[in-house]
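Understanding the architecture of this molecule
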Protein chains: 2
Amino acid sequence: MSFQTRITKLLKVQYPIIQGGMAWVADYHIASAVSNAGGLGLIAAASAPADFVRDQIRKVRELTDKPFGVNIMLMSPYAAEIAQVVLEERVPVVTTGAGNPGKYIPGWKEAGITVIPVIASVSQAIRMERAGADAVVAEGCEAGGHIGELTTMALTPQIVDAVSIPVLTAGGVADGRGIAAAFMLGAEGVQVGTRFLAAEECNIHANYKQAVLDCKDIGTTVTGRTTGSPVRCIKNKLAREIVAMEKKAGADQDEMEKLLTGSLRAAVVDGDDKMGSLMAGQVAGMINKIQPAKEIIEEMFAETAKVLSGAAGLLKN
Amino acid sequence: MSFQTRITKLLKVQYPIIQGGMAWVADYHIASAVSNAGGLGLIAAASAPADFVRDQIRKVRELTDKPFGVNIMLMSPYAAEIAQVVLEERVPVVTTGAGNPGKYIPGWKEAGITVIPVIASVSQAIRMERAGADAVVAEGCEAGGHIGELTTMALTPQIVDAVSIPVLTAGGVADGRGIAAAFMLGAEGVQVGTRFLAAEECNIHANYKQAVLDCKDIGTTVTGRTTGSPVRCIKNKLAREIVAMEKKAGADQDEMEKLLTGSLRAAVVDGDDKMGSLMAGQVAGMINKIQPAKEIIEEMFAETAKVLSGAAGLLKN
């Protein structure tokens, strides 16, 4: 069972699944594990310097000869340098977030790099298709970390109708039911972040991992809705304080900023589950065990097959 | 093709689809049209007096001999009276929102009424199953009107895992792709609101209907997130003013309340598309024409069959 779509052909992978480019989380360990398991692992460049990213790329290559990618956060001060690094290192796939990668796309395409921007609206998707993107990830607001406004159910079909390039769904996908639903909505692949937080090969602090396992359905919230920078994370002391500040008359943006600065690093590296930013999607409530990435992927697609087979039963009724 | 599930058996309908109990919108016209087309039409009791609701019930019965339902908004000052009216009138199905219908359920069940609360979290669903509900509608925050926090993709499978009674999905369902996705997530039916705003038999003002047709993917917003009463509606002057007030330091709740009072009636009855509350879901961007309810339902399920058949193709690859 391999679920061949335009995405598996484009990425040259067995399963149409990309691991999310989670800042501070997506390093060479999890990226190589996902790629070795037949998905596409990603290194998150986030706000890291170019040399760090180059080092990560080389480390992935030591651990896998399968395709992998780099996610470039375009608001990073190092974005332009990293855009050059992926060229020099001939990274197979680049995904982008937090900005318009238009100016880099011609160079990347010329070097044979597959380019997949993460988008959250129809107009962004159309702009990216025109700029030469090979596919887009349509990310719903149930996802963890920085989010847009539309949900996966509403966004995916509207993007599929708006562009001809293949679409991957991100947000709300934690098991085979989510993958099958994404296929029904017209997606040809998925990007999964939160479930890989619980991968054995995911190098986040044990406290962060435990917070994901403990998280219930209503266990996440969104900070920064009033400041124009919405971020989904698990409810903890930090999240509650920020949300309370946003509801209060005269919310002080500087004070909020002070609380948030370094808070993701505090969660990932130091395991601060009180004042760290435990970014995770709404599907955290469905994730209850730590597993190797390979087991996660194989389990997800075995369930997808089972669920899709059930569809045939519905038709017979 | 009839898609028999536990929901079609429970409701004694041809298609597993309920029309949303939209306040001021869901009257006997649209309810009877949906029921006659093989779905389950609903009358919204909203904040209307009991006699008004009784009159609506009798009018539905003049227009159809098929099953139909009443949606009871439990915060209504008339909720207790209406709970009695549905008993006296032997309404086949009752759905509930905005509260806990627990105290009414034994009486309704004894009278043979099918009870389906609308819920937005796992704990609510479990509570309703224990109270004797026959099914639940799991409503995602992409829906129009009053909403919870979880999206349909994240909510549906978590509810399906938590209860044994059948689950319907609401929010994000505007076509056959949405229905097929809901099935994949484990739902056995759907509740659809926004698409029926564009039904010929929907008696909302032409300006409101036009606003739904004109709405783009990012055309809705949520008011009342900071006040604990989030409502999704189409962006217009009213919505922009409320959202701006909520972001401003020292937002005045009384002033907001003054703007919102009567604003749904202004949209539905008077066609005020500037200061009326044009409640609609994120799928409004997918709705581009006015059709009879019967055509909408048959088109949606024909597409569901097509999409589910495509699933078989994916499995063969």
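Attention here is on the structure that accompanies the text. This one's a predicted model, so the numbers in the text were calculated from it and none came from an experiment.

For sheets, the rule is that strands pair by backbone hydrogen bonds, running either parallel or antiparallel. Residues and elements named next belong to chain A. Taken in spatial order, the three strands line up as 7-11-10 in an open sheet, and their pairing is antiparallel. Whereas interior strands pair on both sides, the edge strands pair on one side only; in this sheet they are strand 7 (145–146) and strand 10 (220–223). Its contacts with the sheet put helix 11 (residues 237–247) on strand 10 and strand 11 (231–234), and the angle it makes with strand 10 is roughly 50°.

Residues and elements named next belong to chain A. On strand 9 (residues 189–192), burial covers both faces: Gly-189 and Gln-191 on one face and Val-190 and Val-192 on the other are all buried. Pairing geometry for strand 1 (residues 17–19) and strand 9, over three bridges, is parallel. Paired with Gln-19 across the two strands is Val-192, which belongs to strand 9. Taking the sense of rotation as the criterion, the β-α-β connection linking strand 8 (residues 167–170), helix 8 (residues 176–184) and strand 9 turns out right-handed.

Listed by partner, the interface residues are 48 residues for chain A and 48 residues for chain B. Buried area between chain A and chain B, both sides added, is near 4300 Å², and the carbon and sulfur share of it is 65%. Residue Arg-177 of chain B pairs with Asp-161 of chain A through a salt bridge whose shortest N-O separation is 2.9 Å. Every element with two or more residues in the side of chain A that touches chain B is listed here: helix 7 (152–162), helix 8 and helix 14 (293–316) of chain A. In terms of residue class, the side of chain A that touches chain B is built from 25 nonpolar, 16 polar and seven charged.

Moving on, we get to the sheet that holds strand 6 (residues 136–139) of chain A. Residues and elements named next belong to chain A. Spatial ordering of the open sheet is given by 1-9-8-6-5-4-3-2, a layout of eight strands whose pairing is parallel. Edge positions in the sheet fall to strand 1 and strand 2 (41–44), since each of these pairs with one other strand and no more. Geometrically, the sheet is characterised by an average inter-axis angle of 25° between neighbouring strands, direction not taken into account. Note: strand 6 against strand 8, four bridges, orientation parallel. Residue pairing for strand 8: Val-137 is matched across the bridge by Leu-168.

On to the pattern of salt bridges. Oppositely charged side chains can form a pair if their charged atoms are brought close together. Residues and elements named next belong to chain A. Tallied over the entire structure, the rule returns 28 salt bridges over all chains. Ionic pairing is found between Glu-88 and Arg-54, a salt bridge with its closest N-O pair at 2.8 Å. One end of the pair, Glu-88, is in helix 4 (residues 79–88); the other, Arg-54, is in helix 3 (residues 50–63), with 34 residues separating them in the sequence. Glu-303 is paired through a salt bridge with Arg-177; the nearest N and O atoms lie 3.9 Å apart. With a gap of 126 residues between them, Glu-303 in helix 14 and Arg-177 in helix 8 connect regions that are remote in the sequence. The buried category is assigned to Arg-177, whose relative accessible area is 11%. Put simply, Arg-54, Arg-58, Glu-88 and Glu-89 are held in one network by salt bridges that share partners.

Residues and elements named next belong to chain B. Judged by how many residues are buried, helix 2 (residues 28–36) sits mostly within the fold: seven of nine residues are covered. Residues of helix 2 that are buried: Tyr-28, Ile-30, Ala-31, Ser-32, Ala-33, Val-34 and Ser-35. Its side-chain oxygen at 3.1 Å from the backbone nitrogen of His-29, Asp-27 defines the N-terminal cap of helix 2. Immediately downstream of helix 2, the backbone of Gly-38 shows phi near 100°, a positive value.

Residue and element names in this part refer to chain A. Evaluated as defined, the whole model comprises zero disulfides over all chains. No disulfide involves Cys-202; its nearest neighbouring cysteine sulfur is the one of Cys-215, lying 15 Å away. Accessibility expressed as a relative area gives 2% for Cys-202, which makes it buried. Of all cysteine sulfurs in the structure, the one in Cys-215 sits closest to Cys-233, which takes part in no disulfide; the separation is 10.0 Å.

All names here are of chain B. Residues other than glycine seldom take positive phi values, yet Trp-24 does so here, at roughly 70°. Here Trp-24 lies in the loop between strand 1 (17–19) and helix 2. Here Ala-46, not a glycine, exhibits a phi torsion of approximately 45°, which is positive. Within the fold, Ala-46 resides in the loop between strand 2 (41–44) and helix 3 (50–63).

For the rest of this paragraph, the subject is the side chain of Ser-76 of chain B. All names here are of chain B. Note that Ser-76 resides in the loop between strand 3 (68–73) and helix 4 (79–88). A polar side-chain atom of Ser-76 sits 2.9 Å from the main-chain amide nitrogen of Tyr-78. Contact partners of Ser-76, with chain neighbours within four places excluded, come to Ala-46 and Ser-47.

Attention now moves to the packing of aromatic side chains. Taken as a whole and assessed by the stated rule, the structure comprises eight aromatic pairs over all chains. Aromatic side chains Tyr-104 of chain B and Trp-108 of chain B sit 5.5 Å apart centroid to centroid with 25° between the ring planes, which places their arrangement in the stacked category. A residue is classified by how much of its surface remains accessible, and Tyr-104 of chain B, at 16% relative accessible area, is buried. Residue Trp-108 of chain B is classed as buried on the basis of its relative accessible area, which comes to 1%. Within the aromatic cluster, the residues linked to one another by ring pairs are Phe-3, Tyr-15, Phe-183 and Phe-301 of chain A.

Once that is clear, we can look at the relation of the copies chain A and chain B. When chain A is fitted to chain B, the best match, at an RMSD of 0.0 Å, comes from turning it 180° and sliding it 0.0 Å along the axis. Viewed as a symmetry operation, the transformation between the two copies matches a two-fold axis. Of all interface residues in chain A, 100% are interface residues in chain B too; the two copies therefore contact each other through one and the same surface.

Most often, soluble globular proteins keep nonpolar side chains buried together rather than apart. Ranked by internal contacts, the top residues of the largest apolar core, which has 104 residues, are Met-184, Phe-196 and Tyr-208 of chain A together with Met-184, Phe-196 and Tyr-208 of chain B. Other than its neighbours up to four places away in sequence, Met-184 of chain A contacts Leu-308 of chain A together with Arg-177, Ala-180, Ala-181, Met-184, Val-307, Leu-308 and Ala-311 of chain B.

About the criteria used
Residues numbered from 1 in each chain as written. Chains lettered and ligands numbered in written order. Predicted model: local features only at pLDDT ≥ 70, side-chain atom pairs only at ≥ 80, totals over all residues. Heavy atoms only, no water. Pairing = 2+ DSSP bridges. Helix = DSSP H or I, 4+ residues; strand = E, 2+ residues; numbered from the N terminus. Contact = heavy atoms within 4.5 Å. Axes fitted to C-alpha atoms, helices over the stretch in contact; angles between N-to-C directions. Buried < 20%, exposed > 50% of the residue type's maximum accessible area, 1.4 Å probe, protein only. Right-handed = clockwise from strand over helix to strand, strands pointing away. Buried area = accessible area lost by both parts, 1.4 Å probe. Salt bridge = Lys/Arg side-chain N within 4 Å of Asp/Glu carboxyl O. Nonpolar A, V, L, I, M, F, W, Y, C, P; charged D, E, K, R; others polar. Polar contact = N/O pair within 3.5 Å; in protein donor to acceptor, adjacent residues only side chain to side chain. Disulfide = S-S within 2.5 Å. Phe/Tyr/Trp six-rings, centres within 6.5 Å; stacked < 30°, edge-to-face > 60°. Least-squares fit on C-alpha atoms with pLDDT ≥ 70 in both. Core = buried A, V, L, I, M, F, W, Y, C linked by side-chain atoms within 4.5 Å.

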